[in-house]
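Listed here are the chains, written in short residue letters.
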Amino acid sequence: MFVETKHILDIYKYRWVYLALSALLIIPGIIAMIYSCIIYPTHAPFNLGIDFTGGTISQYSIVKANEDTTIPKLREDLEKNGFEHATIQVINTQSLAEKHTADKSKQEKSDEGAITDIISIKTKFLNEEGSNKLDAVVKAVEPDAELIQISSVGPTLGKELFNNSMVALCLAFAGIVLYLAMRFHLDYSLIALASLAHDALFVCGTFSILGLVFGTQIDTLFITAVLTVVGFSVHDTIVVYDRIRENTKYLSKKMSFVEIVNSSVNQTLARSINTSLTCVITLLALYLFGGVTTRDFVLVMLLGIIIGTYSSIFFASVLLAMHREHLKKTGKKAAN
């Protein structure tokens, strides 16, 4: 049933190279997160967006405009005038007849061609001067723009949102460990957890560095993307673990555990790379052509899938082989 294949990679032989590469990937990010905790007023490891820190949401009604030209121009002018990292979104579209009249007879008399877009602009907290400046920038792009609402998201809500996001991430980790502990040996689940932490630290560290260098901010979509990355990473790791477990049943008398790990990784190598490559191609297209509002979200996914594929092959498998080899030398048995 199980056929020994020629090894493309000798995972265990170059284990220290792979572990050193993992260290090079995550240590700079950890340093960046520690530094960010020191210099940012929020003492967070990232440059937090207004979803977490609070800010001002200004909504304008604008006569139907071409989103391919108006929104990019508005975003460009806002950045030039100091409104960095502003989020611009069309949140509603309706006819002026529907907005200003409830009587059907009056609707028939209204201008059928008049259509309004409701544009929401999220910025940092604005005082009266800042609001007037924002109003001037918007009306310079769209002279017919009309301010209809200003609201604020307080920092207390932002802090609660951030804390809830961290709780969700921790619960996801705990659920994954529990599942793996029930399905595999305990050491499998603990090493899988280390692999997930490896992937999460790389992605989070990268965005911490981007925040320091380019001012990149994170929002709630970042947490969503990280959770998705964790799910993908553990899925790829489970595929490798399943093959190791199956091979161990049939080949443990003929091969050492290290040899079984090497063989299992090579048997699943093409599948892991091909699956990840299809996702990477799709995400790369979204990153290049999907627009500004989703670019950071796609970047998290892109980085996460690449590092998740790497860790399932070169990190989780290596640690598992090293752990079992250590148990063999000390005469101990793996915990169930």
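Note that the structure is a prediction, hence the values are computed from the model and not measured.

1. Looking at the overall build of the chain
Moving on, step 1. Looking only at helices and strands, the chain has twelve helices and four strands in total.
Moving on, step 2. Expressed as a percentage of the 336 residues in the chain, the buried residues total 45%.
Moving on, step 3. Contacts in the chain between residues at least 24 apart in sequence constitute 82% of all its contacts with a sequence separation of at least 6.
Moving on, step 4. In the form shown here, the chain has an accessible surface area of approximately 18,100 Å², with 61% of it arising from carbon and sulfur atoms.

2. Examining helix α6 (residues 128-141)
Moving on, step 1. Between its first and last C-alpha, α6 extends 20 Å over 14 residues, near the 20 Å set by a 1.5 Å rise per residue.
Moving on, step 2. Between the side-chain oxygen at the start of α6 and the backbone nitrogen of E129 there is a gap of 3.2 Å, and the oxygen is on N127.

3. Concerning the pairing of strand β1 (residues 55-63)
Moving on, step 1. Counted residue by residue, β1 has eight buried out of nine residues, so it is predominantly covered.
Moving on, step 2. Pairing geometry for β1 and strand β4 (residues 146-153), over seven bridges, is antiparallel. By the bridge assignment for β4, S61 is matched with E146.

4. Details of the packing of helix α1 (residues 15-39) against helix α12 (residues 316-330)
Moving on, step 1. Interhelical geometry of α1 versus α12 gives an angle of 130° and a closest axis separation of 10 Å. When the axis of α1 is compared with that of α12, the two are oblique. As for the relative orientation of α1 and α12, their crossing is left-handed in sense. In this structure, α1 uses R15, W16, Y18 and L19 to contact α12, whose residues at the interface are V318, L319 and M322.
Moving on, step 2. Here the residues of the contact of α1 with α12 sort into six nonpolar, no polar and one charged.

5. Focus on the pattern of salt bridges
Moving on, step 1. Enumeration according to the criterion identifies seven salt bridges in this entry.
Moving on, step 2. Note that K73 is salt-bridged to D77, the shortest N-O span being 3.4 Å. With K73 and D77 both in helix α3 (residues 70-80), this residue pair falls four residues apart, about one helical turn.
Moving on, step 3. By relative accessible area, K73 is classed as partly exposed at 39%.
Moving on, step 4. With a shortest N-O distance of 2.7 Å, D242 and R183 are connected by a salt bridge. Linking D242 in helix α9 (residues 220-251) with R183 in helix α7 (residues 155-183), this pair joins segments that are 59 residues apart in sequence.
Moving on, step 5. You can call R183 partly exposed: its relative accessible area is 32%.

6. Let's talk about a nonpolar patch on the surface
Moving on, step 1. Together, I30, I34, Y35, I38, I39, L201, I209, L212, V213 and F214 give the surface a local cluster of nonpolar side chains, amounting to about 900 Å² of exposed area.
Moving on, step 2. Secondary-structure assignment places I30 in helix α1.
Moving on, step 3. Under the relative-accessibility criterion, I30 is labelled partly exposed at 30%.

7. Remarks on the packing of aromatic side chains
Moving on, step 1. Overall, the coordinates contain seven aromatic pairs when judged by the stated rule.
Moving on, step 2. On the numbers, 4.9 Å between centres and 80° between planes, the contact of Y188 with Y241 is edge-to-face. In this pair, Y188 sits in helix α8 (residues 186-214) while Y241 sits in helix α9, placing the two residues 53 residues apart along the sequence.
Moving on, step 3. The exposure class assigned to Y188 is buried, which follows from its relative accessible area of 4%.
Moving on, step 4. One aromatic cluster is present, formed by Y18, Y310 and F314 through successive ring pairs.
Moving on, step 5. Above the ring of Y12, the side-chain terminus of R15 is found at 4.1 Å from the ring centroid.
Moving on, step 6. Sitting over the ring of F257, R324 keeps its end group 5.0 Å from the ring centre.

8. Digging into the confidence of the model for the chain
Moving on, step 1. Per-chain confidence: the chain averages 82 in pLDDT, with 86% of residues scoring 70 or above.
Moving on, step 2. For the chain, the element scoring lowest by mean pLDDT is helix α5 (residues 104-109), at 43; α1 scores highest, at 95.
Moving on, step 3. In the predicted structure, residues 99-113 sits below a pLDDT of 50 and forms nine contacts with residues beyond four places in sequence or in another chain.

9. Quick word on the side chain of T237
Moving on, step 1. With respect to the element layout, T237 can be found in helix α9.
Moving on, step 2. At 3.0 Å, the side chain of T237 forms a polar contact with the backbone oxygen of S233.

10. Digging into the nonpolar core
Most often, soluble globular proteins have nonpolar side chains that are buried together.
Moving on, step 1. Membership of the largest hydrophobic core comes to 66 residues, with the highest contact counts inside it found for V203, F207, F222, Y241, I244 and V300.
Moving on, step 2. Going through the elements one at a time, α1, α7, α8, α9, α10 (257-289), α11 (295-314) and α12 are the ones with two or more residues in this core.
Moving on, step 3. Counting residues per element, this core draws most heavily on α9, at 13 residues.
Moving on, step 4. Sequence-distant contacts of Y241, that is, excluding residues within four places in its chain, are made with F184, Y188, I191, A192, A316 and L320.
Moving on, step 5. Counting 16 residues, the second largest nonpolar core, distinct from the first, contains L74, F83, I121 and L134.

Rules used throughout
- Residues numbered from 1 in each chain as written.
- Predicted model: local features only at pLDDT ≥ 70, side-chain atom pairs only at ≥ 80, totals over all residues.
- Heavy atoms only, no water.
- Helix = DSSP H or I, 4+ residues; strand = E, 2+ residues; numbered from the N terminus.
- Buried < 20%, exposed > 50% of the residue type's maximum accessible area, 1.4 Å probe, protein only.
- Contact = heavy atoms within 4.5 Å.
- Areas by Shrake-Rupley, 256 points an atom, 1.4 Å probe, with all protein chains shown as cover.
- Expected span 1.5 Å × (residues − 1).
- Polar contact = N/O pair within 3.5 Å; in protein donor to acceptor, adjacent residues only side chain to side chain.
- Pairing = 2+ DSSP bridges.
- Axes fitted to C-alpha atoms, helices over the stretch in contact; angles between N-to-C directions.
- Parallel < 35°, antiparallel > 145°, perpendicular 65-115°, else oblique.
- Left-handed = near helix turned anticlockwise from the far one by under 90°.
- Nonpolar A, V, L, I, M, F, W, Y, C, P; charged D, E, K, R; others polar.
- Salt bridge = Lys/Arg side-chain N within 4 Å of Asp/Glu carboxyl O.
- Patch = residues over 30% accessible without salt bridge, like charges linked within 9 Å, V, L, I, M, F, W, Y side chains within 5 Å.
- Phe/Tyr/Trp six-rings, centres within 6.5 Å; stacked < 30°, edge-to-face > 60°.
- Lys NZ or Arg CZ within 6 Å of the ring centre and 35° of its normal.
- pLDDT = per-residue confidence, 0-100.
- Core = buried A, V, L, I, M, F, W, Y, C linked by side-chain atoms within 4.5 Å.

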